[in-house]
Amino acid sequence: MSANFWTSSHYKELLDAEEVDVVHQLDKERGITLDDFKLIKLHMSNYIARLAQNVKVRQRVVATAITYMRRVYIRRSMTEYDPRLVAPSCLYLASKSEESTVQARLLVFYIKKLYSDDKYRYEIKDILDMEMKILEALNYYLVIFHPYRSLSQLLQDAGMNDTAQLTWGLVNDTYKMDLILIHPPHLIALACIYIASVLKDKETTAWFEELRVDVNVVCLQNLNLHPIAVMRSFQET
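From a predicted model like this one, the values you see are computed outputs, not experimental measurements. Every chain's residues receive numbers from 1 upward, in the order its sequence appears when written. Residues qualify for local features only when their pLDDT is at least 70, as the model is predicted, and side-chain atom pairs are given and counted only at 80 or more; totals for whole chains, interfaces and linings, by contrast, use all residues. Here the side-chain values reflect all heavy atoms present in the structure, with hydrogen atoms and water set aside.

**Details of the overall build of the protein**
Item 1. Secondary structure elements follow DSSP: runs of H or I of four or more residues count as helices, runs of E of two or more count as strands, with numbering from the N terminus. Within the protein, the secondary structure is distributed over 15 helices and zero strands.
Item 2. Taken over 237 residues, the protein has a buried fraction of 49%.
Item 3. Every residue pair with non-hydrogen atoms within 4.5 Å of one another is taken to be in contact. Here the contacts in the protein between residues at least 6 apart in sequence split such that 77% fall between residues at least 24 apart.
Item 4. Of the roughly 12,200 Å² that the protein leaves accessible, carbon and sulfur atoms contribute 51%. The cut-offs for exposure are 20% and 50% of the maximum accessible area for each residue type, with area from a 1.4 Å probe on protein chains only; residues under the lower value are buried, those over the upper are exposed, and the others partly exposed. Using a 1.4 Å probe, the Shrake-Rupley method yields the accessible areas, and only the shown protein chains count as cover for residues.

**Comments concerning helix H4 (residues 34-55)**
Item 1. To estimate the expected span of a helix, subtract one from its residue number and multiply by 1.5 Å. Counted at 1.5 Å a residue, the expected span for H4 with its 22 residues is 32 Å, and the 32 Å between its end C-alpha atoms agrees.
Item 2. Every buried residue of H4 is accounted for by Phe37, Lys41, Met44, Ser45, Tyr47, Ile48, Leu51, Ala52 and Val55. Buried residues of H4 fall within an arc of 160° about the axis and therefore sit on the same side. Exposed side of H4, more than 90 degrees from the buried face: Asp35, Leu39 and Gln53 are the residues found there. Note that the arc is computed from the directions linking the helix axis to the C-beta atoms.

**Describing the pattern of salt bridges**
Item 1. When a carboxyl oxygen of Asp or Glu is within 4 Å of a side-chain nitrogen of Lys or Arg, the pair counts as a salt bridge. A complete count under the given rule lists ten salt bridges for this structure.
Item 2. Between Arg75 and Glu13 there is a salt bridge whose closest N-O contact spans 2.4 Å. Of this pair, Arg75 sits in helix H5 (residues 59-75) while Glu13 sits in the loop between helix H1 (9-12) and helix H2 (17-20), and the two are 62 residues apart along the sequence.
Item 3. Here Glu13 falls in the buried class, since its relative accessible area comes to 16%.
Item 4. Ionic pairing is found between Lys125 and Asp129, a salt bridge with its closest N-O pair at 2.7 Å. Of the two residues, Lys125 and Asp129 both sit in helix H8 (residues 124-137), four residues apart, roughly one turn of that helix.
Item 5. By relative accessible area, which is 36% here, Asp129 ends up partly exposed.
Item 6. The network of salt bridges with common partners includes Lys41, Arg70 and Asp178.

**Overview of the environment of Leu179**
Item 1. Counting through the fold element by element, Leu179 comes out in helix H11 (residues 179-182).
Item 2. In this structure Leu179 comes out as buried when scored by relative accessible area, which is 4%.
Item 3. The spatial distance from the C-alpha of Leu179 to the C-alpha of Thr67 is 9.5 Å, given a sequence separation of 112 residues.

**Looking at a negative patch on the surface**
Item 1. Like-charged residues are merged into a patch within 9 Å and nonpolar side chains (Val, Leu, Ile, Met, Phe, Trp, Tyr) within 5 Å, provided each residue has over 30% relative accessible area and no salt bridge. Under this rule, positive means Lys or Arg and negative means Asp or Glu; His and the chain ends count for nothing. To locate a charge, the coordinates of NZ of Lys, CZ of Arg, CG of Asp or CD of Glu are taken. Side chains of Asp157, Asp201, Glu203, Glu209 and Glu210 sit close together on the surface and give a patch of like negative charge.
Item 2. Relative to the elements of secondary structure, Glu209 occurs in helix H13 (residues 205-210).

**Some words on the packing of aromatic side chains**
Item 1. For Phe, Tyr and Trp, rings pair up if their centres lie within 6.5 Å, where Trp contributes its six-membered ring, and each pair is then called stacked (planes under 30 degrees apart), edge-to-face (over 60) or tilted (otherwise). The final tally for this structure, using the stated rule, is twelve aromatic pairs.
Item 2. With a centroid separation of 5.7 Å and an interplanar angle of 75°, the aromatic rings of Phe5 and Phe145 are classed as edge-to-face. On the criterion of sequence distance, the pair formed by Phe5 in the segment before H1 and Phe145 in the loop between H8 and helix H9 (148-158) is long-range, its members being 140 residues apart.
Item 3. The buried category is assigned to Phe5, whose relative accessible area is 8%.
Item 4. For Phe145, a relative accessible area of 4% puts it in the buried group.
Item 5. In this analysis the charged atom, NZ for Lys or CZ for Arg, is taken to sit over a ring once it is within 6 Å of the ring centre and within 35 degrees of the ring normal. One cation-aromatic arrangement involves Arg50 over Tyr115; the distance from NZ or CZ to the ring centre is 5.4 Å.

**A closer look at the side chain of Thr167**
Item 1. Residue position: Thr167 is located in helix H10 (residues 164-174).
Item 2. Two N or O atoms count as a polar contact when they lie within 3.5 Å, although within protein this holds only if one can serve as hydrogen donor and the other as acceptor, and sequence-adjacent residues are included solely when both atoms are side-chain atoms. Here the side chain of Thr167 touches Thr163 through a polar contact of 2.8 Å, landing on its backbone oxygen.

**Description of the packing of H4 against helix H6 (residues 83-97)**
Any two packed helices are characterised by the angle at which their axes cross and by the distance between the axes.
Item 1. For helices, the fitted line uses only the C-alpha atoms of the stretch in contact; every axis is such a line through C-alpha atoms, and the angle between N-to-C directions lies from 0 to 180 degrees. At a closest axis distance of 9 Å, the pairing of H4 and H6 adopts a crossing angle of 45°. Put simply, H4 runs oblique to H6. Once H4 is placed against H6, the crossing between them reads as right-handed. Listed contacts from H6 to Ile40, Met44, Tyr47, Ile48, Leu51, Ala52 and Val55 of H4 are Pro83, Arg84, Ala87, Pro88 and Leu91. Relative orientations are named as follows: roughly parallel for angles under 35 degrees, roughly antiparallel for angles over 145 degrees, roughly perpendicular for angles from 65 to 115 degrees, and oblique for any other angle. It is the rotation of the near helix from the far one that decides the hand of a crossing: anticlockwise by less than a right angle makes it left-handed, clockwise makes it right-handed.

**Some points on the side chain of Glu13**
Item 1. Within the local environment of Glu13, its side chain forms a polar contact with the side chain of Arg75, the two groups lying 2.4 Å apart.
Item 2. Those residues in contact with Glu13 that lie beyond four places of it in its chain are Arg71, Arg75, Tyr141 and Leu181.

Here is the structure:
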């Protein structure tokens, strides 16, 4: 795995927001709108998280699986690649790439346990076959850098260790969107720290001014994360 984000395949694969919010022609022909596209990816992100909770893997595996799933649909249509199969297959691949391997048969067992709908009924062979298709769609680029990697250090530096749980939760929530495909992970971490500082009434202005980052980009991400911030503020009260 590359030790430097700026020389990694992850950095080279970053996209503009306009490149991410694109519905493939085959999906358009089936009546899938951009809003539908986003909602399906959100549902599949929740599906991955729910499945991961049952097979007991680390949050990092969940984040990697969701990133794979979201990357796949930059290049492939949902008409060709059924999200109900892509989601568990991405979790299976992520568990291996993150060295926390989950057996395919265990995924199949919990899929059948969690969902009675026959449309979710896939077998081991289906997951293994889709894994190969996902690898091809990803161009075999499997290295993912996550905001978690720098979060603890940044929180300590900002003197906000007491907000670690809140900030970690905010980072988890960013995977409900495509931010990991668009922004460097450390900027996502900074945006979540900023939101946590507002929710907890922490003064961090001076600390942010000392950082060598594009504050405009961090503020832009705060706007993207605004619905999550509102939700979290209600949870905190």
